[in-house]
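Residue-level structural notes
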Amino acid sequence: MIHYHPTVPPSVFVDQKEMTAHAGETITIQCTATGTPRAQITWYQGQNKMIANRRIAVSSQGHLVINAIELRDTGNYTCVGNNTAGQDSVTITVNVQSE
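For the structure given in this document, a descriptive report is provided here. (Residues numbered from 1 in each chain as written. Predicted model: local features only at pLDDT ≥ 70, side-chain atom pairs only at ≥ 80, totals over all residues. Heavy atoms only, no water.)

In the structure shown here, the tally under the stated rule is one disulfide. With its sulfur 1.9 Å from that of its partner, cysteine 31 forms a disulfide with cysteine 79. Its S-S torsion of approximately -80 degrees makes the covalent link between cysteine 31 and cysteine 79 left-handed. With a gap of 48 residues between them, cysteine 31 in strand 4 (residues 31-36) and cysteine 79 in strand 9 (residues 75-83) connect regions that are remote in the sequence. Given a relative accessible area of 0%, cysteine 31 falls into the buried group. A relative accessible area of 0% means that cysteine 79 is categorised as buried. (Disulfide = S-S within 2.5 Å. Helix = DSSP H or I, 4+ residues; strand = E, 2+ residues; numbered from the N terminus. Buried < 20%, exposed > 50% of the residue type's maximum accessible area, 1.4 Å probe, protein only.)

In structure tokens, the structure reads:
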């Protein structure tokens, strides 16, 4: 007997499309992805894949956390959800203001 496991392409959702922060703050951008199998979330700043470091972390739920945000962090951030059935993405704009 063959067990059929349907696959469903991801749908990606963010809690807001634009965010403003002041330099030095910590921000969290919440991103969730539905889909079967469970979608893997990857974050990009512009065209560059974000790499976790002492300031930047991606939670197990896929949320992006930027500690001590800087003016140079201003820009577009894209949350990409990917699984074997396809991918989806949402881009949000982060504006960083001086203190």
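Right, picking up where we left off after that structure.
Moving on, we come to the sheet that holds strand 2 (residues 18-22). Ordered in space as 2-10-9-5-6, the five strands form an open sheet in which the pairing is mixed. This sheet does not close on itself; its edge strands, each paired only once, are strand 2 and strand 6 (48-49). (Pairing = 2+ DSSP bridges.)

Another aspect to go through is the sheet that holds strand 8 (residues 64-66). A sheet is described by the order of its strands in space; here three strands give the open sequence 3-8-7, paired in antiparallel fashion. Looking at which strands have only one partner, the edges of the open sheet turn out to be strand 3 (27-29) and strand 7 (56-58). Averaged over all pairs of adjacent strands, the angle between strand axes in this sheet comes to 15 degrees, irrespective of strand direction. (Axes fitted to C-alpha atoms, helices over the stretch in contact; angles between N-to-C directions.)

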